[in-house]
Number of protein chains: 2
Amino acid sequence: MNNNQQSFLPLLYLAWSDDLLTQKEHEIIRGFISSQSWLSDSSKSELLSKLDVSAPPSREELAAWKTTIHSELVKNPELRSLFSLSLALSGNSDGFANARNEFVQLENELGILGEEILLSFRTGENTLTAKHDTVHGFDIEKLTRLLEGDESDIIKKVKAVITRRDFAYETSTDVDVYREKVLEWCKILADENLGNMAFPTEFGGGGNMRDYFAIMETLSYHDLSLVIKFGVQFGLWGMSVYFLGTQKHHEEYLQKIGSLELPGCFAMTEMHHGSNVKGLETTATYDHSNKTFVIKTPHKKAQKEYIGNAAKHGQMATVFAKLIIDGKDYGVNTFIVPIRNVDGTIADGVEIGDCGHKMGLNGVDNGTISFHDVVIPKENMLDRFASVNENGEFESPIPSDNRRFFTMLGTLVGGRIGIPRSALSAMKSGLTIAIKYSDQRRQFGPEGGSEVPILNYRMHQRRLLPYLAKSYALHFTLRHLTNRFLNRTEDEMQKIEALAAGMKAYTTWTVRDALQECREAIGGKGYLSENRIDALKNDTEIYTTFEGDNTVLMQLVAKNRLSVFRKEFGKLDVGGMITYVYENAKTVVSEKNPIITRRTDEAHLRDFEFHLQAFYYREKTILASAARRLKKLIDGGMDAYDAFNVAQHQMMDVANAYLERVILEQYHAFITTVSDADIKNRLVQLAQLFALSLIEGHKGWYLEDGYMESAKTKAIRKLVNQLCWDIRQDAVPLVDAFAIPQSCLGAQILTDN
Amino acid sequence: MNNNQQSFLPLLYLAWSDDLLTQKEHEIIRGFISSQSWLSDSSKSELLSKLDVSAPPSREELAAWKTTIHSELVKNPELRSLFSLSLALSGNSDGFANARNEFVQLENELGILGEEILLSFRTGENTLTAKHDTVHGFDIEKLTRLLEGDESDIIKKVKAVITRRDFAYETSTDVDVYREKVLEWCKILADENLGNMAFPTEFGGGGNMRDYFAIMETLSYHDLSLVIKFGVQFGLWGMSVYFLGTQKHHEEYLQKIGSLELPGCFAMTEMHHGSNVKGLETTATYDHSNKTFVIKTPHKKAQKEYIGNAAKHGQMATVFAKLIIDGKDYGVNTFIVPIRNVDGTIADGVEIGDCGHKMGLNGVDNGTISFHDVVIPKENMLDRFASVNENGEFESPIPSDNRRFFTMLGTLVGGRIGIPRSALSAMKSGLTIAIKYSDQRRQFGPEGGSEVPILNYRMHQRRLLPYLAKSYALHFTLRHLTNRFLNRTEDEMQKIEALAAGMKAYTTWTVRDALQECREAIGGKGYLSENRIDALKNDTEIYTTFEGDNTVLMQLVAKNRLSVFRKEFGKLDVGGMITYVYENAKTVVSEKNPIITRRTDEAHLRDFEFHLQAFYYREKTILASAARRLKKLIDGGMDAYDAFNVAQHQMMDVANAYLERVILEQYHAFITTVSDADIKNRLVQLAQLFALSLIEGHKGWYLEDGYMESAKTKAIRKLVNQLCWDIRQDAVPLVDAFAIPQSCLGAQILTDN
Ligand SMILES: Cc1cc2nc3c(=O)[nH]c(=O)nc-3n(C[C@H](O)[C@H](O)[C@H](O)COP(=O)(O)OP(=O)(O)OC[C@H]3O[C@@H](n4cnc5c(N)ncnc54)[C@H](O)[C@@H]3O)c2cc1C
Ligand SMILES: Cc1cc2nc3c(=O)[nH]c(=O)nc-3n(C[C@H](O)[C@H](O)[C@H](O)COP(=O)(O)OP(=O)(O)OC[C@H]3O[C@@H](n4cnc5c(N)ncnc54)[C@H](O)[C@@H]3O)c2cc1C
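Bear in mind the structure is a predicted one, so any value in this text is a computation, not a measurement.

**Structural notes on the overall build of chain A**
Right, on to step 1. The helix and strand tally for chain A stands at 33 helices and 11 strands.
Right, on to step 2. Per-residue burial over chain A gives 62% buried out of 753 residues.
Right, on to step 3. Of the contacts made within chain A by residues no fewer than 6 positions apart, 74% connect residues no fewer than 24 positions apart.
Right, on to step 4. Taken as a whole, chain A presents about 26,500 Å² of accessible surface, with 49% of it coming from carbon and sulfur.

Structure (structure tokens):
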């Protein structure tokens, strides 16, 4: 080929190699060539022959073209367009140079403009994407210690147990086998005095509620059926006896519960009443003649349902039932009811069903219970908040049935701390598996270069790293919640209950989404049970429902926020509302100030004060506007019940904005206590990613409100991308700091890749 | 109690009943009472005695107060505040009337202002929320026929088969039992001539590709392992022989494949190459001396992986391998390789592993395959696109290995139509279960009224009904895609491939999210396998990964859009871009016109033209801006490969915006063909909900761009709520129109509630 002809090599090559050109487009190229007057007729016909669809060039010829083109690019690495490349190949032929406009027009028509098209000819060993690696820039063990806080000892102890050989995962799909294995594990934990950790020392317990939470959290690196079975026995069954019962119950039961000699249930939910437990229909009718209660399931739809430990192992249950004395209903109270005899047979009058196979947690024996006039002695009423006196009369320090019931439930709020802490452990496991695999797994790469770890892809970072940031933020917030709960005062209880309910919902939803992303991020490998994302995902799936359905809990949180708001603030008018929204803001004047709404410099965008202000502003504005909306609807004559329904969607936002502000604040409060500069840097970066990716997610709101302008939200998106890119290099050490035992991770892909 | 005292009943009642008041707040009320000079000392002390925490009123007393308050409200239903209620109870005492300001101040402090607080005293039988019911406003069967289109006959036939008794769901958790059952089902379907529907009639097939898709779709109301096993056998294995092979292969295999006499596999994926199949490492080395190929797995990480039908039943496989002739690599080609002997033993040189238990689809026997120098005759090369000639030389009409490979893959695009259609069926099943249950399930309700169907709660509507709208929109778009595919021309192929890839990704992600919401929306019931959300969710989970990972596919779609864009548009400058963005817009002038950006009247917001303009505008703006961004990065000296990585996130948006526009347009195109007014109304409402809830989801983008102002996005949110509320009454008939056989739904909750 002569030079003039050579200038067409890239076009010819693209016509045959590139999968974007259609046959019609071949015609366009043919037309172009034919019209070039500076080409000799023989050149034209040779070139046209190379475009004949019925006689394509040979594979070898194509390869030869590519080699020629490639050498030209190596010689002239500055070439940036198809035209300049072609021109160079023509030896800068004048004829070709003159055809520039036409050629560019052709490029346009074919849609092959830009340097990007040169990709197919370049070899790309030196791309930024390929070079981005894991670095080791901080002391991992130190960070682990920070995560563990005061709990290091108990965490270590639990890890030592669950990494023992007898804790190898059960892989049988036979539900019975799995259930027995989980019971066996629970017994080992009881023997290690881990189950009774929160019970008073006088009943053989550890008297340490804080450690109990750490046990739940650490166990959750292992099998989650185990965690839930453990939680049902020691948390729900045990704590209900402890918190709802009195000395006589503690003496009789706590030791046996803590040692697992007496497996039991927490039987609240009924078929027709799940979220709305106030409406439970099981009755406990007092018979003063022989000082007994008769426990009765009035109809099939009132049977106890989903009850953990019921289908197989439970011998007793704390049963929630309406107390009836002399035909009068005294609201829901709790009673200890035997459901199985010591030999494992079912007690008289008790009917038990099996919930059967579930989406997950198949190591837990959930079942249904119906009571057909089961008689229990008077002492079996858990009588801390209400009792029947010697004369057979009802007595209670809390006159309102409603309030008494919620006070009872309030004592069980610990479950709403244990569950999110357990869920977060599962999320950490998922992230560890997904991030470590993605750091190794290579797929695609620059033409001619080697394949690239998938964690180097921007989308992959986007999918996983904001969750990594969230896991850190949630970790420290749940620790804060635990502390508040452990040091609670009466007056704070409602706020703590609301925070616990909210953190339960927020965390478990986050975990659900994070594990979903982990599954997909590792492709087909995530679908194989051997890599455990399956179990993590399906076992935690129900965390969004049990211990209170998340949607219902969020409404509760919102109602609590509204009531706090009213107490703090009272009457609503526009001036007042503005005051309210800004009252805590340090930078009162600068809010909604055009300079701030548009500020896009990195220092500002990374600034924690900016984040906190933005979160507070959102929280308060949404809250005040929900309050205003409700008032307006009701003032307009709508029934208040309907008004709350109309505003439900907004109520979700109220709760969400509150929780995110608390999480940001608490995570940051922790960071300020960190002295190690390397670690602090990473935690700060994670906090920035956490805050900015949330703001990005809410940008619709911020723009709608006018708190930010579009230049700013765009700058935030860019910075989120940048933070993901930067944090990618620390991602592996950051999950290593979770220090989850390899045997617990139990993912095949981490060992054989 | 005298009148003056009675005025305090509501306060007293709230103090004891309401769970929002703390003991400190009791003190506040005590202080207030003490300071009221118009109360006699004896009144005061009686009232104060009722606030003594150590001597709470009895339960009976509290009930009596409530009765008194309640009667007052019944007498004066217009009472709207705690003060006016209290005043009425005081018999309009002057003293109390004068204390108004102080009382309101007290309300503020306690945060108990507003009518809402009166809820606790009202009975609410007449709330709007409680009264909202299912209506039957259109002909369900007629809508079913519209959904079925021309496919009614085949759908009916498939339904008749899968509702037979031998298609009762397998409940064993034993993977082997399940696999055998699925194979048995497949055999029945083969016997019914459903498997070979798309094969040419000359080989015993039905010659009807359209019906084949309808079969996949309808089968997907039943077990999804069955669908995938069926798809592997007849779709992947069968179609690869059909489309990649030539006459000799068709004659030899198609009849046996269609009858399931010859179960086979589609063996493309390798351990180290999943998404990046271009990099496959298995080799097929040609030996001209005896005209055979030697198939070899060069190392462990190159073994075929996840291959359906491999672990148990497959006898042959279409193997993707690099063809090597005389030491030279001719790119990936396909070969038929026997992997098992007729007696079921494994063929010599073949090594098979079992992928074991998976998150779902456990009725499919996925396995790994390694080849240790397995020799196959020359005829086993599927030689439609490339062959080895009599002289042992490579021949192909497509010189580029790359292009040849993608041409081969392109013939298999049918899978990317079958998969989303199958997924959508699963979504319809999930929605049917969730919506019908939610219409029946009652939980909570107005004080004193009966409990309310959960589907009447606004959040519940928000969670489910936009998915119902999406399911209709996707249904008609997938039908459109099928038609385009069936009537394809060569020139259109790239667009169709891109659309199929995109619809596969968009649909399967939607299905994933919808089923997640269905699970949660039905609470604990969704977790029990007996209600089948478990299977639907876990089986479709992998749909986002196989037949092409969604994230990877979306990048493909975006690249195709960029190339189309360049062809249509060429050079990029600001003026040009604006022209591009507006070119198809009918209302060119009015875009970004302040009157439009702010228009919030319902007629406008419900107008399809507005929706379509908004979708087009988003699509084009995002596409043009992605193109500009890439150009800018590359012009700035960035390697093109890196530039594409930097823009990955934006590329996802490019694909998303394109797909959503197509879906809206196609759904609407269908609606215009509907004549029945009742049905049309519903479809239009669904289309409005579909369009507006997507716009709401993208409001951040629209605001950022300035295409809408906040008044408009807020009005849209309101209208979405309203549409959900309205559609709720049609929701049950709308899922009934899917006409999914009850036995296929197989959800216990639909039969025993
Ligand atoms: C595996 C498992 C183990 C369990 N273990 C136990 C146990 O040991 N002991 C025990 O007592 N219970 C147990 N439960 C029961 C569990 O606590 C309940 O499932 C849970 O409280 C939710 O109740 P539900 O399932 O009846 O859902 P429902 O209350 O019927 O809720 C269904 C849906 O309706 C929505 N909804 C309800 N009310 C409203 C409203 N007002 N506004 C908007 N939306 C609303 C919810 O958001 C939810 O999506 C268990 C459940 C499971 C699945
Ligand atoms: C149940 C099941 C059945 C199957 N059946 C068959 C079969 O019968 N025959 C067969 O041949 N195959 C089969 N497969 C394989 C399936 O097609 C692959 O799993 C799929 O192609 C994805 O490949 P991968 O799993 O290796 O994921 P990978 O390619 O490793 O992808 C992992 C992750 O990396 C991300 N990623 C990859 N590249 C990029 C990029 N450039 N930019 C951004 N992100 C990126 C992806 O989004 C993904 O999240 C099956 C798989 C499963 C699980």
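And the narrative resumes.
**Comments concerning the pattern of salt bridges**
Two side chains of opposite charge can pair, provided their charged atoms sit close to one another.
Right, on to step 1. Tallied over the full model, the rule gives 85 salt bridges over all chains.
Right, on to step 2. Put simply, Asp365(A) and Lys229(A) hold a salt bridge, and the shortest N to O gap is 2.6 Å. With a gap of 136 residues between them, Asp365(A) in the loop between strand S7 (350-354) and strand S8 (367-371) and Lys229(A) in helix H14 (residues 224-244) connect regions that are remote in the sequence.
Right, on to step 3. Here Lys229(A) falls in the buried class, since its relative accessible area comes to 2%.
Right, on to step 4. Measuring nitrogen to oxygen at the nearest pair gives 2.8 Å for the salt bridge that ties Arg661(B) to Glu665(B). Taken as a pair, Arg661(B) and Glu665(B) lie in helix H27 (residues 648-671) at a separation of four residues, close to a single helical turn.
Right, on to step 5. Judged by its relative accessible area of 22%, Glu665(B) falls in the partly exposed class.
Right, on to step 6. Connected via shared salt-bridge partners are Arg561(A), Glu619(A), Arg661(A) and Glu665(A).

**Quick look at the domain arrangement of chain A**
Right, on to step 1. Structurally, chain A comprises domain 1 (3-122), domain 2 (164-412) and domain 3 (416-745).
Right, on to step 2. Each of domain 1 of chain A and domain 3 of chain A was reduced to a C-alpha centroid, and the two centroids are 53 Å apart.

**Concerning the packing of aromatic side chains**
Here a ring pair, both rings aromatic, is described through the centre-centre distance and the interplanar angle of the planes.
Right, on to step 1. Applying the stated criterion across every chain yields a total of 56 aromatic pairs over all chains.
Right, on to step 2. Geometrically, the ring pair formed by Tyr286(A) and Phe293(A) is tilted, given 5.3 Å between the ring centres and 50° between the ring planes.
Right, on to step 3. On the basis of relative accessibility, which here comes to 0%, the residue Phe293(A) falls in the buried class.
Right, on to step 4. Of the aromatic side chains, those joined through ring pairs into one cluster are Phe8(A), Phe32(A), Trp38(A), Phe83(A), Phe96(A) and Phe103(A).
Right, on to step 5. Between the NZ or CZ atom of Arg488(B) and the centre of the ring of Phe485(B), over which it lies, the distance is 4.2 Å.
Right, on to step 6. Positioned over the ring face of Tyr658(B) is Arg561(B), at 3.9 Å from the centre of the ring.

**Let's talk about the relation of the copies chain A and chain B**
Right, on to step 1. If you rotate chain A by 180° and push it 0.0 Å along the axis, it lands on chain B with an RMSD of 0.1 Å. The two molecules are tied by a two-fold rotation axis, judged by turn and shift. When each C-alpha of chain A is compared by its distance to the rotation axis, Gly700(A) comes out closest, at 1.8 Å.
Right, on to step 2. Looking at chain A, 100% of its interface residues are interface residues in chain B too, so the copies touch through the same face.

**A closer look at the interface of chain A and chain B**
Right, on to step 1. Across the boundary between the two partners, chain A contributes 136 residues, which contact 136 residues of chain B.
Right, on to step 2. Buried area between chain A and chain B, both sides added, is near 11,700 Å², and the carbon and sulfur share of it is 51%.
Right, on to step 3. Interface area lost by chain A to chain B is led by Arg59(A), Tyr527(A) and Glu704(A), which between them contribute 8%.
Right, on to step 4. For Arg519(A), the salt bridge goes to Glu541(B), with nearest N and O atoms at 2.7 Å.
Right, on to step 5. At the boundary of chain A and chain B, one finds 78 residue pairs in polar contact (both at pLDDT 80 or more).

**Regarding the side chain of Lys504(B)**
Residue and element names in this part refer to chain B.
Right, on to step 1. Its place among the elements puts Lys504 in helix H19 (residues 493-521).
Right, on to step 2. Buried and unpaired, Lys504 has no salt bridge, with Asp549 as the nearest side chain of opposite charge at 7.0 Å.
Right, on to step 3. A distance of 2.7 Å separates the side chain of Lys504 from the backbone oxygen of Gly548, its partner in a polar contact.
Right, on to step 4. One polar contact links Lys504 to Asn550, side chain to side chain, over a distance of 2.8 Å.
Right, on to step 5. Sequence-distant contacts of Lys504, that is, excluding residues within four places in its chain, are made with Arg416, Ile419, Pro420, Tyr543, Thr544, Thr545, Phe546, Glu547, Gly548, Asn550 and Leu553.

**Observations concerning the site of ligand 1**
Right, on to step 1. In the region of ligand 1, 28 residues are neighbours, and Thr269(A), Ser275(A), Asp549(A), Arg441(B) and Gly524(B) sit closest.
Right, on to step 2. The residues that come close to ligand 1 belong to more than one chain, namely chains A and B.
Right, on to step 3. In this structure, an oxygen atom belonging to ligand 1 sits 3.1 Å away from a main-chain N or O atom of Gly308(A).
Right, on to step 4. For ligand 1, whose free accessible area comes to 970 Å², the fraction covered by protein is 94%.
Right, on to step 5. For the shell around ligand 1, a count of residues per class yields 12 nonpolar, 12 polar and four charged.

**Points about the packing of helix H11 (residues 152-162) of chain B against helix H13 (residues 209-219) of chain B**
The description of two packed helices rests on the angle between their axes and on the distance between the axes.
Residue and element names in this part refer to chain B.
Right, on to step 1. Following both chains from N to C, one finds H11 and H13 inclined at 40°, their axes separated by 9 Å at the closest point. Judged on the interaxial angle alone, H13 and H11 are oblique. Crossing geometry of H11 relative to H13 is assigned as right-handed. Listed contacts from H13 to Ile154, Ile155, Val158, Lys159 and Ile162 of H11 are Asp211, Ala214, Ile215, Thr218 and Leu219.
Right, on to step 2. Counted by class, the contact of H11 with H13 contains seven nonpolar, one polar and two charged residues.

**Some thoughts on the sheet that holds strand S4 (residues 304-307) of chain A**
All names here are of chain A.
Right, on to step 1. In spatial order, the strands read S4-S8-S7; together these three strands make up an open sheet with antiparallel pairing. Every interior strand has two partners, whereas the edge strands, S4 and S7, have only one. Across this sheet, the average inter-strand angle for adjacent strands is 25°, counted without regard to direction.
Right, on to step 2. Examined bridge by bridge, S4 and S8 share two bridges and lie antiparallel to one another. From the neighbouring strand, Ile307 faces S8, where its bridge partner is Gly367.

**Focus on the environment of Ala97(B)**
All names here are of chain B.
Right, on to step 1. Mapped onto the elements of the fold, Ala97 is located in helix H7 (residues 94-98).
Right, on to step 2. Considered as a pair, Ala97 and Ser84 are 13 residues apart in the sequence and their alpha carbons are 9.1 Å apart.
Right, on to step 3. The contacts of Ala97, once residues within four sequence positions are left out, are Phe83 and Leu87.

**So, unusual backbone geometry**
Right, on to step 1. With a phi angle near 60°, Asn193(B) is a residue other than glycine that sits in the positive phi range.
Right, on to step 2. Relative to the helices and strands, Asn193(B) resides in the loop between helix H12 (175-191) and H13.

**A word on the site of ligand 2**
Right, on to step 1. Around ligand 2 sit 28 residues, and of these Arg441(A), Gly524(A), Thr269(B), Ser275(B) and Asp549(B) come closest.
Right, on to step 2. Neighbouring residues of ligand 2 are not confined to one chain but are distributed across chains A and B.
Right, on to step 3. In this structure, an oxygen atom belonging to ligand 2 sits 2.7 Å away from a side-chain N or O atom of Arg441(A).
Right, on to step 4. Asp549(B) is positioned with one of its side-chain polar atoms (N or O) 2.5 Å from an oxygen atom of ligand 2.
Right, on to step 5. Its free accessible area being 970 Å², ligand 2 has 94% of it covered by the protein chains.
Right, on to step 6. Here the residues of the shell around ligand 2 sort into 12 nonpolar, 12 polar and four charged.

**Structural notes on helix H14 (residues 224-244) of chain B**
All names here are of chain B.
Right, on to step 1. The sharpest bend along H14 measures roughly 35° and falls at Gly231.
Right, on to step 2. Counted residue by residue, H14 has 19 buried out of 21 residues, so it is predominantly covered.
Right, on to step 3. For H14, the N-terminal cap is Asp223; the gap from its side-chain oxygen to the backbone nitrogen of Ser225 is 2.7 Å.

**Regarding the sheet that holds strand S4 (residues 304-307) of chain B**
Residues and elements named next belong to chain B.
Right, on to step 1. Ordered in space as S4-S8-S7, the three strands form an open sheet in which the pairing is antiparallel. Because the sheet does not close on itself, it has two edges, and the strands there are S4 and strand S7 (350-354). Across this sheet, the average inter-strand angle for adjacent strands is 25°, counted without regard to direction.
Right, on to step 2. Of the strand pairs in this sheet, S7 and strand S8 (residues 367-371) are connected by five bridges, and their pairing is antiparallel. Residue Glu351 lies in a different strand from S8, and its bridge partner there is Ser370.

**Some thoughts on helix H2 (residues 9-17) of chain A**
An α-helix turns once per 3.6 residues; consequently, residues spaced three or four apart project the same way.
Right, on to step 1. A large share of H2(A) lies buried, amounting to nine of its nine residues.
Right, on to step 2. Those residues of H2(A) that sit buried are Leu9(A), Pro10(A), Leu11(A), Leu12(A), Tyr13(A), Leu14(A), Ala15(A), Trp16(A) and Ser17(A).

**Concerning the packing of helix H17 (residues 415-440) of chain A against helix H19 (residues 493-521) of chain A**
All names here are of chain A.
Right, on to step 1. The interhelical angle for the contact between H17 and H19, taken along N-to-C directions, is 20°, at an axis separation of 9 Å. The angle between H17 and H19 places the two elements in the roughly parallel class. Where H17 crosses over H19, the handedness of that crossing is left-handed. Contact with H17, carried on its side by Arg416, Ile417, Ile419, Pro420, Ala423, Leu424, Ala426, Met427, Gly430, Leu431, Ala434 and Ser438, involves Ala500, Ala501, Met503, Lys504, Thr507, Thr508, Thr510, Val511, Ala514, Leu515, Cys518 and Ala521 of H19 and no other residues of that element.
Right, on to step 2. Among the residues making up the contact of H17 with H19, the classes are represented as 17 nonpolar, five polar and two charged.

What counts and how
- Counting starts from 1 at the beginning of each chain's written sequence and moves along it residue by residue.
- Lettering for chains starts from A, numbering for ligands starts from 1, and both go in the order in which the items are written.
- Only residues with pLDDT of at least 70 get local features here, since the model is predicted, and only at 80 or more are side-chain atom pairs given and counted; chain-wide, interface and lining totals rely on the full set of residues.
- Note that the side-chain values use all heavy atoms of the structure and ignore hydrogens as well as water.
- Note on conventions: DSSP H or I runs of at least 4 residues are helices, E runs of at least 2 residues are strands, and numbering of each starts at the N terminus.
- Type-normalised accessible area, obtained with a 1.4 Å probe on protein chains alone, sets the label of each residue: buried when under 20%, exposed when over 50%, and partly exposed for intermediate values.
- In this analysis, two residues are considered to be in contact whenever any of their non-hydrogen atoms come within 4.5 Å of each other.
- Values of accessible area rely on a 1.4 Å probe in the Shrake-Rupley scheme; residue burial ignores everything except the protein chains shown.
- Definition used for salt bridges: Asp or Glu carboxyl oxygen within 4 Å of a side-chain nitrogen of Lys or Arg.
- For the purposes of this description, domain bounds are those given by an automatic or database domain assignment.
- Geometry of aromatic contacts follows a simple scheme: Phe, Tyr and Trp rings, the Trp one being its six-membered ring, pair when their centres are within 6.5 Å, and the pair is stacked under 30 degrees between planes, edge-to-face over 60, tilted otherwise.
- Criterion for a charge above a ring: Arg CZ or Lys NZ at most 6 Å from the ring centre, at most 35 degrees from the ring normal.
- Least-squares superposition of the copies uses the C-alpha atoms of those residues scoring a pLDDT of at least 70 in each of them.
- Take the accessible area each of two parts loses on contact, using a 1.4 Å probe, and add the two losses: that sum is the buried area.
- Polar contacts here mean pairs of N or O atoms no more than 3.5 Å apart (in protein, one a potential hydrogen donor and the other a potential acceptor; neighbouring residues in sequence count only if both atoms are side-chain atoms).
- In this count, Lys and Arg are taken as positive residues and Asp and Glu as negative ones, while His and the chain termini are left out.
- Here a residue is considered near a molecule or strand provided that any single heavy atom belonging to it is located within 4 Å of it.
- When residues are sorted by character, Ala, Val, Leu, Ile, Met, Phe, Trp, Tyr, Cys and Pro go into the nonpolar class, Asp, Glu, Lys and Arg into the charged class, and all the rest, Gly among them, into the polar class.
- Interaxial angle, 0 to 180 degrees, is taken between N-to-C directions of lines fitted to C-alpha atoms, where a helix line uses only the stretch in contact.
- Relative orientations are named as follows: roughly parallel for angles under 35 degrees, roughly antiparallel for angles over 145 degrees, roughly perpendicular for angles from 65 to 115 degrees, and oblique for any other angle.
- Rotating anticlockwise by less than a right angle from the far helix to the near helix defines a left-handed crossing, while the corresponding clockwise rotation defines a right-handed one.
- In this analysis, strands are considered paired if DSSP registers two or more bridges between them.
- The reported bend at a residue is simply the angle between two axes, fitted to the 7 residues ending at it and to the 7 residues beginning with it.

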